[in-house]
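Residues per chain, in single letters:
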Amino acid sequence: MQAGKDAAAAAKAGMEKTKANVQEKTEKMTTIDPLKKEMATEKKEDTVAAAEMDKRAAKAQHEPGKHGGATTGTGYGTTGTNTTF
């Protein structure tokens, strides 16, 4: 189950990174202002970094025994709820 959640988190992060790259390319092609081009690059780098952090946080959360809650043997923790998928 954790492998599926990790794969989903990685796929989502990959889509976010791709989206950020495409937006950056589009913004760079539609402007001649060097400042706006630099801003597009910085925005892309921030988005890519945020996506990578989200992926790593999701992976850390799905690692068995690492999230602090006792488990019942089914892989589900007995403490807290997770509403972020």
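Shown above is the structure to which this text applies.
Residues numbered from 1 in each chain as written. Predicted model: local features only at pLDDT ≥ 70, side-chain atom pairs only at ≥ 80, totals over all residues. Heavy atoms only, no water.

*Asks:* Any details on the overall build of the protein? Residues and values, ideally.
*Replies:* Along its length, the protein carries two helices and zero strands. Looking at the protein residue by residue over its 85 residues, the buried ones come to 15%. Contacts in the protein between residues far apart in sequence, at least 24 positions, make up 52% of those at least 6 positions apart. As displayed, the protein has an accessible area near 6400 Å², and 59% of this comes from carbon and sulfur atoms. (Helix = DSSP H or I, 4+ residues; strand = E, 2+ residues; numbered from the N terminus. Buried < 20%, exposed > 50% of the residue type's maximum accessible area, 1.4 Å probe, protein only. Contact = heavy atoms within 4.5 Å. Areas by Shrake-Rupley, 256 points an atom, 1.4 Å probe, with all protein chains shown as cover.)

*Asks:* Explain the side chain of Glu24 to me, using residue names and the numbers behind them.
*Replies:* By secondary structure assignment, the location of Glu24 is in helix α1 (residues 2-29). Of note is the side chain of Glu24, whose polar atom sits 2.9 Å from the side chain of Thr41. In contact with Glu24, other than residues within four places in its own chain, are Ala40, Thr41 and Lys44. (Polar contact = N/O pair within 3.5 Å; in protein donor to acceptor, adjacent residues only side chain to side chain.)

*Asks:* Tell me what's going on with the pattern of salt bridges, and back it up with residues and numbers.
*Replies:* Throughout the structure, instances matching the rule amount to six salt bridges. Here Glu24 ties to Lys44 by a salt bridge, and the two come within 3.6 Å at their closest N and O atoms. Here Glu24 is found in helix α1, whereas its partner Lys44 is found in helix α2 (residues 34-62), with 20 residues between them in sequence. The exposure class assigned to Glu24 is buried, which follows from its relative accessible area of 5%. Via salt bridges that share partners, Lys17, Glu52, Lys55 and Arg56 belong to a single interconnected network. (Salt bridge = Lys/Arg side-chain N within 4 Å of Asp/Glu carboxyl O.)

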